[in-house]
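# Geometric and topological summary
Residue-level listing of the chains:
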Amino acid sequence: MVDSWNPGQYERFKSEREQPFWDLLGMVEPGELRFAADLGCGTGRLTRELHRRVAPKKTLGVDSSASMLVDCRSFEEPGLSFELADIAEFAPADKLDLLFSNAALHWLDDHREVFARIASWLAPGGQLAVQVPANFDHVSHRLAAEVVREEPFAEVVGEWERGVPVLTPEAYASLLFELGFEKQRVQLVVYPHVLNSFEDLIEWQKGTLLTVYRERLGEELYESFLQRFRERLEAELGDARPLFYPFRRILMWASLSL
Ligand SMILES: C[S@@+](CC[C@H](N)C(=O)[O-])C[C@H]1O[C@@H](n2cnc3c(N)ncnc32)[C@H](O)[C@@H]1O
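Everything quoted here is computed from the prediction, not taken from an experiment.

In this section: the overall build of the protein chain. Broken down by element type, the protein chain carries ten helices and seven strands. Each principal axis of the C-alpha distribution contributes one length, and for the protein chain these read about 55 × 40 × 35 Å. Classification of the 258 residues of the protein chain by burial places 36% in the buried group. Pairs at least 24 residues apart make up 78% of the contacts formed inside the protein chain by residues separated by at least 6 positions.

Right, let's get into the environment of L237. Along the chain, L237 falls in helix 10 (residues 219-237). In this structure, the C-alpha to C-alpha distance between L237 and L128, residues 109 residues apart in sequence, is 38 Å. Contact partners of L237, with chain neighbours within four places excluded, come to V139, F198 and L243.

A few words now on the packing of helix 5 (residues 139-147) against helix 10. Between helix 5 and helix 10, the shortest axis-to-axis distance is 10 Å and the interhelical angle comes to 135°. Here helix 5 is positioned oblique relative to helix 10, judged by the angle of their axes. Our pair here, helix 5 against helix 10, has a crossing hand that is right-handed. Here V139, S140, L143, A144 and V147 of helix 5 come into contact with helix 10, specifically with F225, R228, F229, R232, L233, E236 and L237. Of the residues that constitute the contact of helix 5 with helix 10, the class distribution is eight nonpolar, one polar and three charged.

Taken together, the neighbourhood of the ligand is formed by 20 residues, with G40, G42, S64, S65 and W107 sitting nearest. Of the residues contributing to the shell around the ligand, the split by class is twelve nonpolar, six polar and two charged.

A few words on the environment of E178. Counting through the fold element by element, E178 comes out in helix 7 (residues 169-178). When the C-alpha atoms of E178 and R216 are compared, they prove to be 36 Å apart, with 38 residues separating the residues in sequence.

What follows concerns the environment of R45. Tracing the backbone through its elements, the reader meets R45 in helix 3 (residues 45-54). Judged by the 18 C-beta atoms lying within 10 Å of it, R45 is partly exposed. Here the alpha-carbon distance between R45 and F75, two residues 30 residues apart in the chain, equals 6.3 Å.

Attention now goes to the packing of helix 8 (residues 198-206) against helix 10. It is the contact of helix 8 with helix 10, at a shortest axis distance of 10 Å, that shows an interaxial angle of 135°. When the axis of helix 8 is compared with that of helix 10, the two are oblique. Considering the relative orientation of helix 8 and helix 10, their crossing is right-handed. Together, F198, L201 and I202 of helix 8 and R230, L233, E234 and L237 of helix 10 make up the contact between the two elements. By residue class, the composition of the contact of helix 8 with helix 10 is five nonpolar, no polar and two charged.

On the basis of which strands lie adjacent, the open sheet formed by seven strands has the order 3-2-1-4-5-7-6 and mixed pairing. Single-partner strands in this sheet number two, and they are strand 3 (80-84) and strand 6 (183-195). Each strand of the sheet is rotated relative to its neighbour by a mean of 15°, with strand direction disregarded. Two elements, strand 2 (residues 58-63) and strand 3, share five bridges in a ladder whose sense is parallel.

With that out of the way, let us pick up the nonpolar core. As a rule of thumb, soluble globular proteins bury nonpolar side chains together. Counting residues in each nonpolar core, the largest one holds 46 residues, and the members touching the most others are A36, A37, L98, L99, L128 and M252. If we ignore the near neighbours within four places in the chain, the residues touching L99 are A37, L39, I118, W121, L122, G126 and L128. Ranked by size, the runner-up nonpolar core spans 15 residues in total, among them Y222, F229, L233 and Y245.

This brings us to helix 2 (residues 14-27). Between its first and last C-alpha atoms helix 2 spans 21 Å; for 14 residues at 1.5 Å apiece the expected length is 20 Å, and the two agree. Along helix 2, the positions that sit buried rather than exposed are R17, P20, F21 and L24. Viewed along the axis of helix 2, the buried residues span an arc of 100°, placing them on a single side of the element. For helix 2, exposure combined with an orientation more than 90 degrees from the buried face picks out S15, W22 and G26. For helix 2, the secondary structure elements touched by its buried residues are helix 3, strand 4 (96-102), strand 5 (122-133), strand 6 and strand 7 (243-255).

Calculation criteria
- Residues numbered from 1 in each chain as written.
- Predicted model: local features only at pLDDT ≥ 70, side-chain atom pairs only at ≥ 80, totals over all residues.
- Helix = DSSP H or I, 4+ residues; strand = E, 2+ residues; numbered from the N terminus.
- Buried ≥ 20, exposed ≤ 12 C-beta atoms within 10 Å, placed from the backbone.
- Contact = placed C-beta atoms within 7 Å.
- Axes fitted to C-alpha atoms, helices over the stretch in contact; angles between N-to-C directions.
- Parallel < 35°, antiparallel > 145°, perpendicular 65-115°, else oblique.
- Left-handed = near helix turned anticlockwise from the far one by under 90°.
- Nonpolar A, V, L, I, M, F, W, Y, C, P; charged D, E, K, R; others polar.
- Near = placed C-beta within 6 Å.
- Pairing = 2+ DSSP bridges.
- Core = buried A, V, L, I, M, F, W, Y, C linked by C-beta atoms within 7 Å.
- Expected span 1.5 Å × (residues − 1).
- Arc of directions from axis to C-beta.

This is the structure in structure tokens:
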């Protein structure tokens, strides 16, 4: 599979994207932690913050994109390392005291299965802290899904569509209960982003949502897809300046009993 992640594109909206990371980090309970993993760690910059602030003896950042991890060595420090691996195939060498994942698990299907698997990696007393976007009904997601059904894109992607694996906050709360977590907090938060215009929204989505479209379409067709996406977005949103982009996210924390 083509690696469509681009750290430069992703980090263009660094400050807007960072707040949920800090909010999620704030949900982690301090304590003596031996081993933490950051699933879908991206560039590793924020994994270093996690490692410094939570201070586990060992922290492992895991990401399946070689492009995102390209500079991760520059963030390494004692106890912190990175591994190129797909969460779907990864398993930690030891039981974890903290399983952290910010804005990554929504790239995996079947969250009931994913959460059951990752929860099984936790040691007694282990904590899980996960943030997933929950804005799949936003106009940008809807239009990307519609445009890819138009020709010539539909012929290339066939039956493929970007599914919506993210559950409701209540479903996550029930799932965490079913998986045996003793304590939990699940919150739905709307992050208010003020962008210059719909052009910024396209740049934002090029860094995340549109990566999977690029992977499927290939470079040349992706450019035409972007053009069409842009036309449809402009028709729908007009040229509002600034453009308010409310972004719903689910933040969840849970811990096992000792
Ligand atoms: C939106 S970025 C978030 C990066 C980082 N956690 C942050 O907060 O800035 C999503 C990351 O998840 C990674 N990712 C997506 N699917 C993955 C998978 N199946 N296994 C491992 N990493 C994955 C991507 O490569 C990307 O770096």
